[in-house]
Every structure is written in C-alpha cells, then in structure tokens.
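Next come the chains, spelled out residue by residue.
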Amino acid sequence: MTDAPAPVPNPVDPAETLQRLRGSIDNIDAALIYLLAERFKCTKQVGELKAAHGMPASDPAREEQQVERLRRLATEADLDPEFAQKWFTFVVAEVIRHHTEAAADVR
C-alpha cells in the first residue's frame with residue numbers, strides 16, 4: 001500500500017497578491033492623473049489660442065475623428081471601445097467648458 005503524496009502548499013499568498021495588484025493599480029491611477037493634467041495643459045493652450053483668434057470652442061469634425069481613432073486604439077488595446085468613447089466624450093465636454101470660459105475672458 002502506498003501513501004498518497006502530501007498536498008503541496010499553495011506558494012501564492014492571496015493577500016500578498018492582492019496587495020501587489022493594488023499597488024500596480026495605484027501606480028497606474030497616479031500616471032493617469034499626471035497624463036490628464038498634461039493633456040489639460042495642452043488643451044488650455046488650445047483654448048487660449050482659439051479665444052484670441054475668435055475660433056469656436058468646439059470642433060465637431062475633429063472630435064469625430066478622435067472618437068474613431070480612440071475606438072480603433074481601444075480595440076487594439078483590448079479595451080471596450082464604448083468605454084473609450086464615453087471617457088473621451090466626458091473629457092471633451094470639460095475641455096469645451098474650459099474653451100468657452102477662455103473665450104468669455106477675452107471679451
């Protein structure tokens with residue numbers, strides 16, 4: 001009669017794995033915040049330029065091109081393109097608000 005081998009303990013500690021994954025998520029969130037800040041610094045300059053030259057705050061043709069581009073990128077990155085479009089729409093609404101305020105400040 002042979003004894004069954006003793007079960008090998010699971011070398012992965014779920015609590016440590018969870019902590020490691022959350023640390024990665026926190027780092028990614030920080031990077032996203034800094035990237036958004038950089039993006040808004042650029043769009044602020046765009047808004048000031050548009051305001052100084054009497055250009056409209058929004059550019060629907062550009063926005064549509066960007067939606068198509070970001071949906072394509074999202075698909076390539078295995079990210080839901082609907083989510084990418086919602087995110088972009090949210091950000092663009094804020095950018096347009098800033099551009100509208102910049103135009104009002106010029107007047």
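Residues numbered from 1 in each chain as written. Predicted model: local features only at pLDDT ≥ 70, side-chain atom pairs only at ≥ 80, totals over all residues. Heavy atoms only, no water.

Chemist: So what's going on with the overall build of the protein chain? Residues and values would help.
Modeler: The helix and strand tally for the protein chain stands at three helices and zero strands. Start at the N end of the protein chain and walk to the C end: the helices and strands fall as α-α-α. The C-alpha atoms of the protein chain give 23 Å as radius of gyration, which overshoots the globular expectation for 107 residues (13 Å, by more than 25%). When the backbone C-alpha atoms are referred to their principal axes, the protein chain occupies close to 95 × 25 × 15 Å. By residue count, 15% of the 107 residues in the protein chain fall in the buried class. In the protein chain, the share of contacts with a sequence separation of at least 24, taken over all contacts with a separation of at least 6, comes to 62%. A total of about 8,800 Å² of accessible surface is found on the protein chain, and carbon and sulfur atoms cover 61% of it. (Helix = DSSP H or I, 4+ residues; strand = E, 2+ residues; numbered from the N terminus. Rg over C-alpha atoms; globule rule 2.2 N^0.38 Å. Buried < 20%, exposed > 50% of the residue type's maximum accessible area, 1.4 Å probe, protein only. Contact = heavy atoms within 4.5 Å. Areas by Shrake-Rupley, 256 points an atom, 1.4 Å probe, with all protein chains shown as cover.)

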